[in-house]
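Remarks on the overall topology
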Amino acid sequence: MPSPVMPTSRNGNDQEPPAAVRAVGLRKSYGDKLVLDGIDLSIPTGTVFALLGPNGAGKTTVVKILSTLVSADAGDIHVGGHDLAADPQAARAAIGVTGQFSAVDGLITGEENMLLMADLHHLSRSEGRRTAAELLERFDLTEAARKPASTYSGGMKRRLDIAMTLVGNPRIIFLDEPTTGLDPRSRHSMWRIIRELVSGGVTVFLTTQYLEEADELADRIALLSNGRIAAEGSADELKRLVPGGHVRLRFSDPSAYRSAALALHEGTGDDEALSLRIPSDGSQRELRAVLDRLAAAGIEADELTVHTPDLDDVFFALTGDTDVPSQTREEVR
Ligand SMILES: Nc1ncnc2c1ncn2[C@@H]1O[C@H](COP(=O)(O)OP(=O)(O)OP(=O)(O)O)[C@@H](O)[C@H]1O
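This one's a predicted model, so the numbers in the text were calculated from it and none came from an experiment. (Residues numbered from 1 in each chain as written. Predicted model: local features only at pLDDT ≥ 70, side-chain atom pairs only at ≥ 80, totals over all residues. Heavy atoms only, no water.)

With respect to the pairing of strand E9 (residues 220-225)
Across the six residues of E9, six count as buried, placing the element largely inside the fold. Here E9 shows two buried faces, one formed by Arg 220, Ala 222 and Leu 224 and the other by Ile 221, Leu 223 and Ser 225. Here four bridges tie strand E3 (residues 48-52) to E9, and the two strands are oriented parallel to one another. Counted as the bridge partner of Ala 50 is Ile 221 from E9. (Buried < 20%, exposed > 50% of the residue type's maximum accessible area, 1.4 Å probe, protein only. Helix = DSSP H or I, 4+ residues; strand = E, 2+ residues; numbered from the N terminus. Pairing = 2+ DSSP bridges.)

Examining the side chain of Asp 37
Within the element layout of this structure, Asp 37 appears in strand E2 (residues 33-44). A distance of 2.9 Å separates the side chain of Asp 37 from the side chain of Arg 27, its partner in a polar contact. In terms of polar contacts, Asp 37 uses its side chain to reach the side chain of Arg 228, at 3.4 Å. Those residues in contact with Asp 37 that lie beyond four places of it in its chain are Leu 26, Arg 27, Gly 227 and Arg 228. (Polar contact = N/O pair within 3.5 Å; in protein donor to acceptor, adjacent residues only side chain to side chain. Contact = heavy atoms within 4.5 Å.)

Digging into the sheet that holds strand E7 (residues 172-176)
Reading across the sheet, the six strands line up as E6-E7-E8-E3-E9-E10 and stay open at both edges, with mixed pairing between neighbours. What marks the edges here is a single partner per strand, and that holds for strand E6 (95-98) and strand E10 (228-233). Strand-to-strand, the axes of this sheet are offset by a mean angle of 15°, without reference to chain direction. The pairing of E7 with strand E8 (residues 203-208) spans five bridges and is parallel. (Axes fitted to C-alpha atoms, helices over the stretch in contact; angles between N-to-C directions.)

A closer look at the site of the ligand
Neighbouring the ligand are 14 residues, the closest being Lys 33, Gly 56, Gly 58, Thr 60 and Thr 61. Here an oxygen atom of the ligand and a side-chain polar atom of Asn 55 are 2.9 Å apart. A distance of 3.4 Å separates an oxygen atom of the ligand from a polar atom in the side chain of Gln 209. A total of 630 Å² of accessible area belongs to the ligand in isolation, and the protein chains cover 62% of it. Elements that contribute at least two residues to the shell around the ligand include exactly E2 and helix H1 (59-66). (Near = heavy atom within 4 Å. Areas by Shrake-Rupley, 256 points an atom, 1.4 Å probe, with all protein chains shown as cover.)

So, the domain arrangement of the protein chain
For the protein chain, the assigned domains are domain 1 (19-104 + 152-239) and domain 2 (246-307). The centre of domain 1, based on its C-alpha atoms, is set 42 Å off from the matching centre of domain 2. (Domains from an automatic or database assignment.)

Structural notes on helix H5 (residues 154-166)
Its 13 residues give H5 an end-to-end C-alpha distance of 19 Å, which sits within 8% of 18 Å, the value for a rise of 1.5 Å per residue. Of all the 13 residues making up H5, 10 are buried; the element is thus mostly covered by neighbouring parts of the structure. All of the buried residues along H5 are Gly 155, Arg 158, Arg 159, Leu 160, Asp 161, Ile 162, Ala 163, Met 164, Thr 165 and Leu 166. Structurally, H5 contributes buried residues whose contacts are with E6, helix H3 (110-120), helix H4 (125-138), E7 and helix H6 (184-199). (Expected span 1.5 Å × (residues − 1).)

Things to note about the sheet that holds strand E14 (residues 303-307)
Each strand in a sheet pairs with another by means of backbone hydrogen bonds, the pair being arranged parallel or else antiparallel. The four strands lie next to each other as E12-E13-E11-E14, forming an open sheet whose pairing is antiparallel. Here the strands that pair on one side only, and so sit at the sheet edges, are strand E12 (268-270) and E14. For this sheet, the mean inter-axis angle between neighbouring strands, taken without regard to orientation, is 20°. With five bridges connecting them, strand E11 (residues 246-250) and strand E13 (residues 275-279) associate as antiparallel partners. Its bridge partner being in E13, His 246 is matched across the sheet by Pro 279.

Concerning the packing of H3 against H5
Orientation of H3 relative to H5, taken along the N-to-C sense of each, is 25°, at an axis distance of 9 Å. Viewed along their axes, H3 and H5 adopt a mutual orientation that is roughly parallel. Crossing hand, H3 versus H5: right-handed. Here H3 contributes Gly 110, Asn 113, Met 114 and Met 117 to the contact with H5, which in turn contributes Leu 160, Ala 163 and Met 164. Considering only residue class, the contact of H3 with H5 consists of five nonpolar, two polar and no charged. (Parallel < 35°, antiparallel > 145°, perpendicular 65-115°, else oblique. Left-handed = near helix turned anticlockwise from the far one by under 90°. Nonpolar A, V, L, I, M, F, W, Y, C, P; charged D, E, K, R; others polar.)

So, the packing of aromatic side chains
With the rule as written, the count across this model stands at three aromatic pairs. Between Phe 49 and Phe 205 the ring centres are 5.3 Å apart and the planes differ by 40°, which places this aromatic pair in the tilted class. Taken as a pair, Phe 49 in strand E3 and Phe 205 in strand E8 lie far apart in primary sequence, 156 residues in all. The class for Phe 205 is buried, based on a relative accessible area of 1%. Site record: aromatic cluster; members linked through ring pairs are Phe 49, Phe 174 and Phe 205. (Phe/Tyr/Trp six-rings, centres within 6.5 Å; stacked < 30°, edge-to-face > 60°.)

So this is what it looks like as structure tokens:
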């Protein structure tokens, strides 16, 4: 099995922008409970990074440390190019954080919440109003803007929360479990918002318990388990780390099916469906080997499909965890 840790940077490219977040040897304990046991992260600017892990893995702790809310016991951390130990204020100016617990004040309206944030960012009155109106519009909250936030649905509150985070125009955004508790429609709308942010050049660091969410959104995913990064890579790279991938060949001609089974030796056949299942990591090299052997035997399959394991397989294989809420089938919580 290849090493579970994938390279995090494209080597030899001088044009590459500096990492938005870089941490080396991040460690944190609460009392005698070790939560982070030496974590390295490197997140390229303008990408989505997902930190994935079950309850209590330490995801929020990582977000709190990177956003200067909690200090690390050890580690060299740069956020937005600023050394967190030397200049936390500069790092803070570059970031926005939306935590699991909403910053929205339910007693005042959505608009008033936005204007409060504008005040905190020392925007002038007119600029504050313009920014608030723009963001409320962008997050589809204009109609509800004058209603108390306590009357908003979970999805609306979450959108307002992110809109408030954006008032200061941060270039790096930390979203701690942005879709936990949202229904499928709100979850998809949150995913659209996150994609739009990234297309505007923002770097998004998100934590999630949802494998599907990481698969949908993230350029790179890290699996946090027992205080360490158990694996890191793109969703496809991670899926290739675990067995379960295969190529399925289907035939309509029984004699072609039998010839293929002979030519390929390995795999399992389904005589009724006239299909062969050949173990494969889904890579071009392995696929070509299968096709070459079929071509050499003068056989053509009617259908070829490549099946790669999903992130659930990866998570269970690499962390041995069975406590991950699988919402891949769009469960509503
Ligand atoms: N202030 C604190 N004092 C003591 N222990 C803490 C503190 N904050 C977090 N912990 C512990 O550290 C561990 C990691 O917590 P953390 O909130 O970072 O996990 P998480 O992966 O974000 O979990 P969840 O998905 O439930 O939010 C947990 O065991 C938690 O109980």
